[in-house]
Amino acid sequence: MTAETLRQTRDAELERRKGIKNRIACCTVAGCESAGSGEVRAALEREAAAQGRAGEVEVRGTGCMGWCSRGPLVRCSSNDTIYAEVTPADAPALVSGDAGRFEGRALTTEHPFYAGQRRLILRNSGHADPERIADYIAQGGYQGLLKAVTAMTPPDIVAEVKRSRLRGRGGAGYPTGLKWELVARHPSTVSYVVCNADEGDPGAFMNRSVLEGDPHRVLEGMAIAGRAAGAEQGYIYARGESPLAIERIRTAIEQARREGLLGSRIFDSNFQFQIDLRIGAGAYVCGEETALIKSIEGKRGQPAPRPPYPPESGLWGHPTLINNVETFANIPAIIENGGDWFASIGTASSPGTKVFAVAGRVQRTGLVEVPIGTTLRTILSDICGGVPEGYEFKAAQTGGPAGGCIPAPFLDLPMDYDSLTRIGTMMGSGGLIVMDTSTCMVDVARFFMEFCMDESCGKCIPCRAGTVQMHSILERITRGEGSEADFWMLEELSALLREASLCGLGMAAPNPVLSTMRHFRGEYEAHVREHHCPAGHCPIHASEEVHS
Amino acid sequence: MSVRTLEVDGKMITALEGQTIFSAAWDSGIHIPRLCHLGGLSDVGACRLCLVEIEGQKRLQPSCMTKVAEDMVVRTNTPALRAHRRLIVELLLAERNHVCSVCVLNGACELQDLAAQLGVDHVRLRPQYPKLEVDLSHDRFGLDHNRCILCTRCVRVCDEVEGAHTWDVAGRGKNSRVITDLGEPWGESASCTSCGKCVQVCPTGALFSKGKTVADMRKDRGFLRYIVTAREKKLWIA
Ligand SMILES: Cc1cc2nc3c(=O)[nH]c(=O)nc-3n(C[C@H](O)[C@H](O)[C@H](O)COP(=O)(O)O)c2cc1C
Ligand code: SF4
Ligand code: SF4
Ligand code: FES
């Protein structure tokens with residue numbers, strides 16, 4: 001593909017759309033799919049043909065439109081409205097444009113759920129079909145790559161990413177530009193670009209939705225990284241448990257290759273870049289970068305001590321640039337619009353937007369994208385409609401098993417990397433679980449410790465054996481059989497795991513315990529001293545006055 | 001090869017460029033505790049006993065895998081490090097059954113020595129003691145999983161020195177087990193050459209020679225030094 005043919009493809013697609021009065025886009029991402037969006041789409045297609053409107057009504061699949069709990073979601077371009085809980089029986093009305101039957105199910109862009117969001121990563125959701133490269137190009141896709149290849153040198157690209165102050169979305173928030181610079185400056189002639197799509201936090205589906213809903217955005221980001229880092233080969237490491245994401249990536253890679261957007265002589269230059277897919281078996285620890293590298297190399301997916309860090313020695317010992325799916329998805333717009341544009345969104349130290357997967361006790365659950373620094377209150381109350389009648393907010397968990405909780409007094413905390421770290425939790429990859437007062441915080445800590453215990457790779461002793469011990473203590477406390485000594489044992493073990501574990505899994509495993517002990521110490525004490533669960537959740541049987 | 005000068009526990013020592021902190025300290029008479037490291041084998045940094053503080057670095061680093069640098073200031077024996085090491089040994093002692101009084105290696109076990117050296121005289125953690133298998137299918141050696149600390153020395157010596165790669169680790173987390181070949185009984189392993197190197201490098205009584213009674217077994221590490229030195233000097237190449 002050349003600059004000229006990219007423009008032609010775009011113009012041709014826009015021209016083709018002129019004849020279409022209504023583009024009906026059905027969410028085809030896993031959540032809505034399981035709610036029946038496949039049948040809805042088939043019914044819409046049948047109906048368009050039956051009403052003789054096949055020429056003016058086009059039925060397409062599209063990416064995640066966010067409000068997953070009310071899926072299947074369908075968007076009509078004619079009136080820019082998203083319809084919720086659509087069934088095949090709604091098809092005739094959607095095709096004919098009769099909005100009457102959608103009382104309470106029609107959501108416009110003014111609806112608080114959408115009005116409060118700022119969609120950069122999810123921009124194409126509802127607008128483009130993830131299975132058609134022409135749709136992505138029509139939305140302005142591959143313009144960033146065009147610019148990077150034809151108008152910028154690799155150091156220019158690195159400088160632009162540095163100027164954006166983008167931070168890695170995989171959890172730790174490492175400055176992306178610095179990472180790119182390390183790989184770009186490395187004297188090695190061989191280097192690799194790796195996209196970490198192993199997303200394994202319980203309940204998280206941000207990355208999966210991006211790959212299912214807009215895979216070309218990630219490919220474009222990776223190709224730009226390849227150009228900046230002097231790499232000719234990229235890998236996407238995805239989990240086998242997301243078959244739809246895998247299928248969409250495969251299709252997208254195939255299309256990009258056919259169009260010459262991957263492969264050799266991209267945009268008639270000397271730049272060449274290939275992307276291959278590697279599929280993991282779904283071990284949480286394989287999301288850790290050194291374990292991921294081992295897994296791609298075909299070895300046992302276990303972490304290795306860092307340093308050396310992957311930018312210095314990664315895949316097969318070569319410098320390797322590893323970024324998260326969402327990090328790469330930010331790149332095309334940064335290159336196209338400039339780093340300063342990006343840096344103006346969000347906060348000064350954490351620019352840009354972040355996609356959160358909101359779950360738990362709120363009215364509206366699903367994917368929410370907001371500028372970083374938006375307060376938790378805005379996300380939960382304004383966008384997600386607050387906790388339902390009859391329930392009371394207790395805390396929100398961020399960062400999954402490596403994170404911690406945010407209790408009610410911190411509802412006005414801006415959600416950015418540094419503020420979250422300051423109160424003992426972390427941004428993580430974007431999981432946001434809302435809990436009400438019926439949730440026992442000791443049990444939450446026990447749940448996440450069980451997760452870490454099961455997912456520990458077993459290589460180093462602090463994590464392998466320490467998570468087992470911490471879990472057994474927490475379990476004892478939830479049974480009302482804990483003792484005072486358990487408190488300092490938990491603290492001692494926490495210190496060991498944090499300071500002595502080999503990788504981030506073990507280092508972060510104590511975080512949910514420390515965070516709940518910090519904000520809800522009283523609940524622990526009630527379990528231990530009064531054999532009582534204040535939330536009424538833990539099955540503690542009274543009468544056992546053994547610890548007198 | 002150039003020489004580096006660094007400070008370890010307040011003492012100025014010299015080391016060769018490329019040497020690890022662990023081995024440089026050892027050469028100067030400072031013995032940092034270790035279990036997974038064994039001279040002559042590659043390092044994995046798994047047991048975390050050899051962690052040290054390096055001035056100017058936020059995180060503790062495994063001295064067995066960290067190379068010396070000029071003017072580095074290292075502390076190997078602070079109260080915090082000692083507390084971590086004691087807790088690691090307690091974790092091991094609680095993880096599987098390590099009752100010394102009925103072990104062939106009683107009196108010559110690295111784990112036992114370490115516990116004594118670190119002053120671990122009791123274990124404050126709940127013993128897990130899963131009932132694990134003892135594989136006696138090999139005609140000369142035995143494997144008692146109950147005493148295995150998963151240091152992977154056997155895996156490495158078999159792969160790197162003997163070249164057989166009979167051993168590996170299967171499972172993850174607390175379910176990790178060393179296995180022979182694809183999990184067949186050791187006696188049926190097609191790749192095992194019965195050389196016994198794994199038995200000699202194993203720090204505990206997990207791998208033992210048959211026919212030994214309690215506290216009867218001693219391990220010979222001399223062979224490893226001999227082989228590795230001979231290889232380096234290419235003694236076997238005519
Ligand atoms: C146990 C563990 C699991 C991880 N899982 C993921 C993951 O699923 N996806 C991801 O992008 N990063 C994950 N990370 C972080 C990666 O190691 C790495 O920092 C990240 O991919 C870098 O990308 P970024 O700079 O774009 O954030 C994990 C880290 C640890 C310690
Ligand atoms: S911290 Fe846990 S997951 Fe990481 S290397 Fe150690 S045992 Fe494996
Ligand atoms: S059998 Fe011995 S050498 Fe092998 S991993 Fe277990 S303790 Fe280490
Ligand atoms: S001896 Fe260094 S980590 Fe085990």
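Residues numbered from 1 in each chain as written. Chains lettered and ligands numbered in written order. Predicted model: local features only at pLDDT ≥ 70, side-chain atom pairs only at ≥ 80, totals over all residues. Heavy atoms only, no water.

Caption draft 1: Up close: the overall build of chain B. Helix and strand content of chain B: 6 helices and 10 strands. Here chain B has a C-alpha radius of gyration of 19 Å; the compact-globule value for 238 residues is 18 Å, and the two agree. Taken along the three principal axes of its C-alpha coordinates, chain B extends 55 × 55 × 30 Å. By the burial criterion, 50% of the 238 residues in chain B qualify as buried. One finds the centroid of the 32 positive side-chain charges in chain B at a distance of 3 Å from the centroid of its 28 negative side-chain charges. (Helix = DSSP H or I, 4+ residues; strand = E, 2+ residues; numbered from the N terminus. Rg over C-alpha atoms; globule rule 2.2 N^0.38 Å. Buried < 20%, exposed > 50% of the residue type's maximum accessible area, 1.4 Å probe, protein only. Lys, Arg positive; Asp, Glu negative; His and termini not counted. Charge placed at Lys NZ, Arg CZ, Asp CG, Glu CD.)

Caption draft 2: Region of the structure containing the side chain of Asp416(A). All names here are of chain A. Looking at where Asp-416 falls in the secondary structure, it is placed in the loop between strand E13 (404–407) and helix H17 (417–422). No salt bridge is formed by the buried Asp-416; its nearest oppositely charged neighbour, Arg-422, is found at 5.5 Å. At a separation of 2.8 Å, a polar atom in the side chain of Asp-416 contacts the main-chain amide nitrogen of Ser-419. (Salt bridge = Lys/Arg side-chain N within 4 Å of Asp/Glu carboxyl O. Polar contact = N/O pair within 3.5 Å; in protein donor to acceptor, adjacent residues only side chain to side chain.)

Caption draft 3: Region of the structure containing the site of ligand 2. If you check the shell around ligand 2, you find 13 residues, and the closest are Cys457(A), Cys460(A), Cys463(A), Cys503(A) and Gly506(A). For the shell around ligand 2, a count of residues per class yields 8 nonpolar, 4 polar and 1 charged. (Near = heavy atom within 4 Å. Nonpolar A, V, L, I, M, F, W, Y, C, P; charged D, E, K, R; others polar.)

Caption draft 4: Representation of the sheet that holds strand E14 (residues 431–436) of chain A in the model. Residues and elements named next belong to chain A. Pairing within the open sheet is mixed, and its 5 strands lie in the order E11-E10-E14-E12-E13. Single-partner strands in this sheet number two, and they are strand E11 (366–371) and E13. Ignoring strand direction, the axes of neighbouring strands in this sheet form an average angle of 30°. Docked against the sheet, helix H10 (residues 206–213) engages strand E10 (353–360), E11 and E14, running at close to 115° with respect to E10. (Pairing = 2+ DSSP bridges. Axes fitted to C-alpha atoms, helices over the stretch in contact; angles between N-to-C directions. Contact = heavy atoms within 4.5 Å.)

Caption draft 5: A look at the state of the cysteines. Residue and element names in this part refer to chain A. Counted by the stated rule, this structure contains 0 disulfides over all chains. Cys-286 provides the cysteine sulfur closest to Cys-195, a residue in no disulfide bond, and the two sulfurs are 15 Å apart. Cysteine Cys-440 remains unbridged, with the sulfur of Cys-538 as its closest cysteine sulfur at 3.6 Å. Overall, the relative accessible area of 2% leaves Cys-440 in the buried class. (Disulfide = S-S within 2.5 Å.)

Caption draft 6: Inspection of the packing of helix H19 (residues 461–478) of chain A against helix H20 (residues 484–500) of chain A at higher detail. Residues and elements named next belong to chain A. Running from amino to carboxyl end, H19 crosses H20 at an angle of 155°, the nearest separation of the two axes being 10 Å. When the interaxial angle is binned, H19 and H20 end up roughly antiparallel. Crossing hand, H19 versus H20: left-handed. Counting all contacts with H19, which are made through Pro-462, Cys-463, Gly-466, Thr-467, Gln-469, Met-470, Ile-473, Leu-474, Arg-476 and Ile-477, the residues of H20 involved are Asp-486, Met-489, Leu-490, Leu-493, Ser-494, Leu-496, Leu-497 and Ala-500. Of the residues in the contact of H19 with H20, the class split is 12 nonpolar, 4 polar and 2 charged. (Parallel < 35°, antiparallel > 145°, perpendicular 65-115°, else oblique. Left-handed = near helix turned anticlockwise from the far one by under 90°.)

Caption draft 7: Focus on the nonpolar core. Val513(A), Tyr524(A), Val89(B), Trp167(B) and Leu207(B) are the most contacted members of the largest nonpolar core, which has 102 residues in total. Broken down by element, this core gets its largest block of residues, 8 residues, from helix H2 (residues 79–95) of chain B. Apart from the residues lying within four places of it in its own chain, the contact partners of Leu207(B) are Gly142(B), Leu143(B), Cys154(B), Trp167(B), Trp186(B), Cys198(B), Val199(B), Cys202(B) and Lys219(B). (Core = buried A, V, L, I, M, F, W, Y, C linked by side-chain atoms within 4.5 Å.)

Caption draft 8: Local environment of the domain arrangement of chain B. Residue and element names in this part refer to chain B. Taken domain by domain, chain B holds domain 1 (3–77) and domain 2 (96–232). Centre-to-centre, using C-alpha coordinates, domain 1 lies 25 Å away from domain 2. Counting residues at the interface gives 13 residues for domain 1, matched by 17 residues for domain 2. Between domain 1 and domain 2, the buried area comes to about 1200 Å², and carbon and sulfur atoms account for 66% of it. Of all residues in domain 1, Leu-35, Leu-38 and Leu-41 give up the largest surface area on contact with domain 2, accounting jointly for 50% of the area buried on that side. At the junction of domain 1 with domain 2, the criterion picks out 0 salt bridges. Linking domain 1 to domain 2 there are 5 residue pairs in polar contact (both at pLDDT 80 or more). Counted by class, the side of domain 1 that touches domain 2 contains 7 nonpolar, 4 polar and 2 charged residues. (Domains from an automatic or database assignment. Buried area = accessible area lost by both parts, 1.4 Å probe.)

Caption draft 9: Region of interest: the packing of aromatic side chains. Residue and element names in this part refer to chain A. Per the counting criterion, the structure on display carries 14 aromatic pairs over all chains. Judged by centre distance (5.0 Å) and plane angle (75°), the ring pair of Tyr-284 and Phe-451 falls under edge-to-face. One end of the pair, Tyr-284, is in the loop between strand E8 (274–280) and helix H13 (289–296); the other, Phe-451, is in helix H18 (residues 441–455), with 167 residues separating them in the sequence. Phe-451 sits in the buried class, given a relative accessible area of 16%. (Phe/Tyr/Trp six-rings, centres within 6.5 Å; stacked < 30°, edge-to-face > 60°.)

Caption draft 10: The arrangement of the interface of chain B and chain A in detail. Every contact between the two is made by 30 residues of chain B and, on the other side, 34 residues of chain A. Taken over both partners, the interface formed by chain B and chain A buries close to 2700 Å², and the fraction arising from carbon and sulfur atoms is 58%. Counting the contacts that link chain B with chain A gives 3 salt bridges. Remark: the boundary between chain B and chain A carries 14 residue pairs in polar contact (both at pLDDT 80 or more). Looking at the side of chain B that touches chain A, the elements with two or more residues in it are H2 and strand E8 (167–170) of chain B. Here the element with the most residues in the side of chain B that touches chain A is H2(B); it accounts for 7 residues. Partitioning the side of chain B that touches chain A into residue classes produces 16 nonpolar, 7 polar and 7 charged.

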